[in-house]
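Descriptive analysis of the structure
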Amino acid sequence: MKSIVLLIFTVLCFNLSAQTEDYSGNYFLHIDGKDGSILDYTLHLNTDNTFQFTSFQKLIDIRGEHDKYNYGKGTWKVENKIIKFTTEATDLDKKHTMNFSGSTARLIKKSPRDTSDKVVPTALQFYKSEIFWIANLKLILKE
């Protein structure tokens, strides 16, 4: 009887741990333009459910080079496999001006049922954001 209870407990624990995904990590996108311009985005999803976002843009036009940084921070949580971002008023300051409240994203990765040799890098895809250039942004997990 004891071994049956232990077996059931083990199976339940395994099932619960198998359903828990780890979303934390460092996600990035880096694009070098032909004209020397650069777009560099970095998102850190920390294990304590906080995040930091950094955007760097090096633009080159007739006026010369222009470097622009944008920063954001706040908290994130997962509901039904959707990552929801929140920025509180206390997260905003002179440096961190981006408000991610209302932004949502999904984790994209290769299905465990896909047995092909196709390589699918794990990525975070934003679907909704009040920051127009964040909506539809896809960032790759840095392993």
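Computed from a prediction, not measured in an experiment: that's the story for all the values here.

**Looking at the overall build of the chain**
Each helix and strand in the chain was counted, giving one helix and nine strands. Listing each helix as α and each strand as β along the chain from the N terminus yields α-β-β-β-β-β-β-β-β-β. Looking at the chain as a whole, 27% of its 143 residues qualify as buried.

**Some details on the side chain of Asp91**
Inspection of the secondary structure puts Asp91 in the loop between β5 (82–86) and β6 (96–98). Although Asp91 lies buried, it forms no salt bridge, and the closest oppositely charged side chain, Lys73, sits 5.2 Å away as judged by the N-O distance. Not counting chain neighbours up to four residues away, the residues in contact with Asp91 comprise Lys73, Gly74, Thr86 and His96.

**Focus on the pairing of β5**
Residues Ile83 and Phe85 of β5 are buried on one face, while the alternating residues Ile82, Lys84 and Thr86, pointing to the opposite face, are not. Bridge count between β5 and strand β7 (residues 104–108): three bridges; the pairing is antiparallel. When the sheet's bridge partners are listed, Ile83 is paired in β7 with Ala105.

**What to know about the confidence of the model for the chain**
Averaged over all residues, the pLDDT of the chain is 86; the fraction at 70 or higher stands at 85%. Least confident of the elements in the chain is helix α1 (residues 2–19), whose mean pLDDT is 45; most confident is β5, at 97. Note that residues 5–19 has pLDDT below 50 and, in this model, zero contacts with residues that lie over four places away or in other chains.

**Overview of the pattern of salt bridges**
This model, assessed by the stated rule, comprises three salt bridges. A salt bridge links Asp114 to Lys118, with the nearest nitrogen and oxygen atoms 3.7 Å apart. Lys118 gets classed as exposed once you look at its relative accessible area, which sits at 51%. Here the salt bridges do not stand alone but share partners, grouping Lys77, Glu79 and Lys84 into one network.

**Examining the nonpolar core**
Leu43, Phe85, Phe100 and Phe126 are the most contacted members of the largest nonpolar core, which has 21 residues in total. If we skip the residues at most four places from it in the chain, Phe126 touches Leu43, Phe85, Phe100, Ser103, Thr104, Ala105, Ile134, Ala135, Asn136, Leu137 and Leu139.

**Focus on the packing of aromatic side chains**
Applying the stated criterion across every chain yields a total of eleven aromatic pairs. Each ring, one from Phe56 and one from Tyr69, has its centre 4.8 Å from the other, and the planes form 40°; the classification is tilted. Linking Phe56 in strand β3 (residues 50–61) with Tyr69 in strand β4 (residues 64–79), this pair joins segments that are 13 residues apart in sequence. Residue class for Tyr69 comes out partly exposed when judged on its relative accessible area of 47%. Taken together, Tyr41, Phe51, Phe53, Phe85, Phe100, Phe126 and Trp133 form an aromatic cluster joined through their ring pairs. Lying over the aromatic face of Tyr71, Lys95 brings its terminal NZ or CZ to 4.6 Å of the ring centre. Its guanidinium or amino end placed over the ring of Phe28, Lys142 lies 5.1 Å from that ring's centre, counting from NZ or CZ.

**Overview of the side chain of Ser55**
One can find Ser55 in strand β3. By relative accessible area, Ser55 is classed as buried at 0%. Once you skip the residues sitting within four places of it in the chain, Ser55 turns out to touch Asp40, Tyr41, Lys68, Tyr69, Asn70 and Trp133.

Basis of the calculations
Sequence order sets the numbering: in each chain, residues are counted from 1 along the sequence as written. Per-residue local features are limited, in this predicted model, to residues with pLDDT of at least 70; the limit for side-chain atom pairs, both in listing and counting, is 80 or more; totals at the level of whole chains, interfaces and linings are taken over all residues. The basis for every side-chain value is the complete set of heavy atoms in the structure, and neither hydrogens nor water enter the calculation. A run of H or I in DSSP becomes a helix once it reaches four residues, and a run of E becomes a strand once it reaches two; helices and strands are each numbered from the N terminus. The cut-offs for exposure are 20% and 50% of the maximum accessible area for each residue type, with area from a 1.4 Å probe on protein chains only; residues under the lower value are buried, those over the upper are exposed, and the others partly exposed. Counted as positive: Lys and Arg. Counted as negative: Asp and Glu. His and the chain ends are not counted at all. One speaks of a salt bridge when a side-chain nitrogen belonging to Lys or Arg is within 4 Å of a carboxyl oxygen belonging to Asp or Glu. Contacts were defined at the residue level, with two residues in contact if any of their heavy atoms lie within 4.5 Å. Following DSSP output, two strands are said to pair if at least two bridges run between them. Think of pLDDT as the predictor's per-residue confidence, scored from 0 to 100. Among buried residues, those of type Ala, Val, Leu, Ile, Met, Phe, Trp, Tyr and Cys that are joined through side-chain atoms within 4.5 Å constitute a nonpolar core. By convention, a stacked pair of Phe, Tyr or Trp rings (six-membered ring in the case of Trp) has centres within 6.5 Å and planes under 30 degrees apart, an edge-to-face pair has planes over 60 apart, and any other such pair is tilted. Any Lys NZ or Arg CZ that is within 6 Å of a ring centre and within 35 degrees of that ring's normal is treated as a charge sitting over the ring.

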